[in-house]
Each structure stands twice: as structure tokens, then as C-alpha cells.
Amino acid sequence: MRYSKAVLSLAIHLVSPSRYTGAFTILSNNYRSKLTTTSTATTRFSSTSSDPSVAVPELKPDTEIADSETETYKSPWAPENLDPVSKKGINKSRFRQHVNPLARRFQMQTELDPKWPSNGAFSNLKLPLHIDIGCGKGGFLLELAKQRLEGSEAGKSKECEEEARNYLGLEIRPSVAQFAKERVDRRKLTGRVDFIGCNANVDLDRILNKYVAYGGEVGLVSIQFPDPHFKKSHQKRRVVTKELVLTLAKHVKEGREVFIQSDIQDVLDNMRETIREFGCDYFVDTIENLDEYMEDNPIGVPTEREVSVIDQDLPIYRTVFRR
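Residues numbered from 1 in each chain as written. Predicted model: local features only at pLDDT ≥ 70, side-chain atom pairs only at ≥ 80, totals over all residues. Heavy atoms only, no water.

A short note on empty space enclosed by the protein
Right, on to step 1. Per the stated rule, a full pass over the model turns up two cavities of 30 Å³ or more.
Right, on to step 2. As a volume, the second largest cavity reaches approximately 40 Å³.
Right, on to step 3. Lining the second largest cavity, in full, are Pro 226, Asp 227, Arg 238, Val 239, Val 240, Val 267, Asn 270 and Met 271. (1 Å grid on protein atoms, 1.4 Å probe; cavity = no way out; pocket = protein on both sides within 12 Å on 5 of 7 lines; lining within 4 Å. Points joined across faces, edges and corners; volume = space filled by probe spheres on them.)

This is how it looks when you write it as C-alpha cells:
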């Protein structure tokens, strides 16, 4: 079989060692330049504390964040990084079900209004704050606030007046937090309910420091049906960590409570054991036996997930910790 000179010339060019050597050199140099231009992002807890006796360790970053002219990371909750809202609102079908809280960009602090919460987020900053960690689309807090306000305005009971609170939801998924925040005005709950997109393990201490600085306090903390992160290698991504427990211990005053629930027993048990281990000097499990759980939701308003689980006649595992 005979080949033309053009074909032979092309074949020689393709297998030429110098060609591959040059390409490898370019790739190697590019990779090396990226390594030398990275800088470490640090996130620290504020030294201000509602309870000075609780020492919260510094949060050490797990990854490095590039800080070069060609590669930078911005807060995923920054307004310019969020999808523009159309006249029909946000497309809920595009919501991500899960994110990795240990990813570089989710280890950054959220962009919080310097004047928060006095920027109109809450009308009365002296009210106790119910903070829901991992609030999702915010339906639970919005319904809870609505029921409490309607009960108080109707004068149905003295108890409703005594339970007057502000409501704050924290959600790590940027588009979901944005959607929840936009529901507040439509529900006519501006001044009583607010939502912040953030990583609770990064920003909770800073957020609560700002709230208590205006004379408020934490009235109740709820962590409901958090992302289970089933894989053993992913369980370090779960929301209840040593740092979170110690942050709560700083700000939750005596007599206040932390309510946790999940439809996955292992997830609830893991949260429970973490709070018992790192919060043993601050929180008491209202159910002493680890094999026992609270039957009913003490808040009285179910989350969307809770309604779905109940409709399927599946169990829900709950408990309450009291400061």
C-alpha cells in the first residue's frame, strides 16, 4: 500500500515527541502558576459573645481560595451572583437539592447589610428571635409567623402575646434563600420575618452578635430535617458540628431551647450526640434515654417535609435541648 507524501508528513507530525513535550510543558506551567497564585481565606468567629464563658474555637478553612487576577471566588450569596428575578418570579424547578458546605465558595462569609437588622428587617429589635437553621423555601417560618400574628391580633389568648417573636431563616442554597426572602413581602410579614443566605457554620456567630447588640436575644432555635449526607465520607458536611453547638451555647440564654427533628433516625441521633458531647456543660436533653424520642412537634406548625412524611405514615424522630 502506498501513501502520499502529505499523509506521511502528517503522521510524522502527530507522533513527534517534541510536539507532546511542548504541550506537556505548557500544561505543567499553567498548573504550577495556579498553585503559586492561591491564597488562603480565613473565617473567624467574633470575640463578642453573649456568654463570655463559652470559648468558641476559630473556624479553620478546609480549602484554599484563589486570589489572582484570572481566578477569584465571590460570595455565592452576593446579589450579582444570584439569578435575576423575572416577572413570574424564581423558577423553583431549578433549585439544587444539595450543596457541599465545605466547598470553597460556601466557606466564605455571606454579604450581610452593614445595618442589619436595623435596616428594616425587623420592626421591633427587642423581640426574642426564633432562628430556623436550614429553612429551605421558608414555608414553615412564614406560616408560623402568620399564625402567631393572627392569634395575637385576634386576642385569642394571652399566650400568643407573650410569645411574640421575630423569625429568621438561614439557608445555604443561594437561589432558595432568595426565593424565601421574596415571599416575605407577598405574605405581608415584612418587619417580622427575614431570610439570609449563608453557611450557618460560618456566619451564625456574626449574625447573632449583630442581633443581640440591639437588645434582642435568641428565643428558640430549630434544626429540622437537615441534609442527611448519607455517605460516610460526606458525614462531615452535616450541619450540627462542634463549632455550631458552641456558638449556640454563647447566645442561647438559660431556659431557652433548641429543637431538632428528622425522619432519618441516624441523622437525629448524630445531631443529638453532637450536642450532648460538645454542649454537655450548657444544654440538657429533655429526653434522657437515647432510645426514646418526642412524639409530637412542640412548635405545632409542621414543615413541608414533615407533612410529606406524616402523609406516608413514616416515623419522625425529635427531641428538645434546654439551656
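The rest of the description comes next.
Structural notes on the confidence of the model for the chain
Right, on to step 1. Across the chain, the average pLDDT comes to 81, with 70% of residues at 70 or higher.
Right, on to step 2. Low pLDDT, under 50, characterises residues 17-47; the stretch is placed with 37 contacts to residues that sit more than four places away or in other chains.
Right, on to step 3. Here residues 61-71 is modelled with pLDDT under 50, and outside its nearest four sequence neighbours on either side it reaches 26 contacts, counting other chains as well. (pLDDT = per-residue confidence, 0-100. Contact = heavy atoms within 4.5 Å.)

Quick notes on the environment of Val 184
Right, on to step 1. In this structure, Val 184 sits in helix α5 (residues 174-186).
Right, on to step 2. A residue is classified by how much of its surface remains accessible, and Val 184, at 6% relative accessible area, is buried.
Right, on to step 3. Once the C-alpha coordinates of Val 184 and Gly 138 are considered, the two residues, 46 residues apart in sequence, prove to be 9.0 Å apart.
Right, on to step 4. Once you skip the residues sitting within four places of it in the chain, Val 184 turns out to touch Leu 142, Leu 189, Thr 190, Val 193 and Phe 195. (Helix = DSSP H or I, 4+ residues; strand = E, 2+ residues; numbered from the N terminus. Buried < 20%, exposed > 50% of the residue type's maximum accessible area, 1.4 Å probe, protein only.)

Digging into the side chain of Asn 297
Right, on to step 1. Tracing the chain through its elements places Asn 297 in the loop between β8 (284-285) and α9 (304-311).
Right, on to step 2. Taking relative accessible area as the criterion, Asn 297 reaches 14% and is therefore assigned buried.
Right, on to step 3. At 2.8 Å, the side chain of Asn 297 and the backbone nitrogen of Ile 299 are in polar contact.
Right, on to step 4. Among residues more than four places away in sequence, those in contact with Asn 297 are Gln 224, Phe 259, Gln 261, Pro 302, Glu 306 and Arg 318. (Polar contact = N/O pair within 3.5 Å; in protein donor to acceptor, adjacent residues only side chain to side chain.)

Describing the nonpolar core
Right, on to step 1. Among the nonpolar cores identified, the biggest contains 39 residues, and Trp 116, Ile 131, Ile 133, Leu 168, Leu 170, Val 221 and Phe 283 are the most heavily contacted of them.
Right, on to step 2. Those elements giving two or more residues to this core turn out to be β3 (129-133), β4 (166-171), α6 (200-212), β6 (218-224), α7 (242-251), β7 (257-262), α8 (265-278) and β9 (317-322).
Right, on to step 3. Once you skip the residues sitting within four places of it in the chain, Phe 283 turns out to touch Val 245, Leu 248, Ala 249, Val 252, Val 258, Ile 275, Phe 321, Arg 322 and Arg 323.
Right, on to step 4. Among the nonpolar cores identified, the runner-up in size contains 20 residues, and Cys 135, Met 294, Ile 299 and Val 320 belong to it. (Core = buried A, V, L, I, M, F, W, Y, C linked by side-chain atoms within 4.5 Å.)

Some details on the packing of α6 against α7
Angle between the axes and distance between the axes: these two values describe a pair of packed helices.
Right, on to step 1. Interaxial distance between α6 and α7 falls to 9 Å at its minimum, and their mutual angle equals 10 degrees. With respect to α7, the axis of α6 lies roughly parallel. Packed against α6, whose contacting residues are Ala 200, Asn 201, Leu 204, Asp 205, Leu 208, Asn 209 and Val 212, the element α7 presents Glu 243, Leu 244, Thr 247, Leu 248, Lys 250 and His 251 at the interface.
Right, on to step 2. Among the residues forming the contact of α6 with α7, the class breakdown is six nonpolar, four polar and three charged. (Axes fitted to C-alpha atoms, helices over the stretch in contact; angles between N-to-C directions. Parallel < 35°, antiparallel > 145°, perpendicular 65-115°, else oblique. Nonpolar A, V, L, I, M, F, W, Y, C, P; charged D, E, K, R; others polar.)

Thoughts on the pattern of salt bridges
Any two side chains of opposite charge can pair if their charged atoms end up close together.
Right, on to step 1. Here the structure, examined in full by the defined rule, presents twelve salt bridges.
Right, on to step 2. The closest approach of N and O atoms between Glu 257 and Arg 322, which form a salt bridge, is 2.6 Å. Linking Glu 257 in strand β7 with Arg 322 in strand β9, this pair joins segments that are 65 residues apart in sequence.
Right, on to step 3. Judged by relative accessible area, Glu 257 falls into the partly exposed class, the value being 24%.
Right, on to step 4. Overall, the relative accessible area of 37% leaves Arg 322 in the partly exposed class.
Right, on to step 5. Three or more residues joined by partner-sharing salt bridges are found here, namely Arg 272, Arg 276 and Asp 285. (Salt bridge = Lys/Arg side-chain N within 4 Å of Asp/Glu carboxyl O.)

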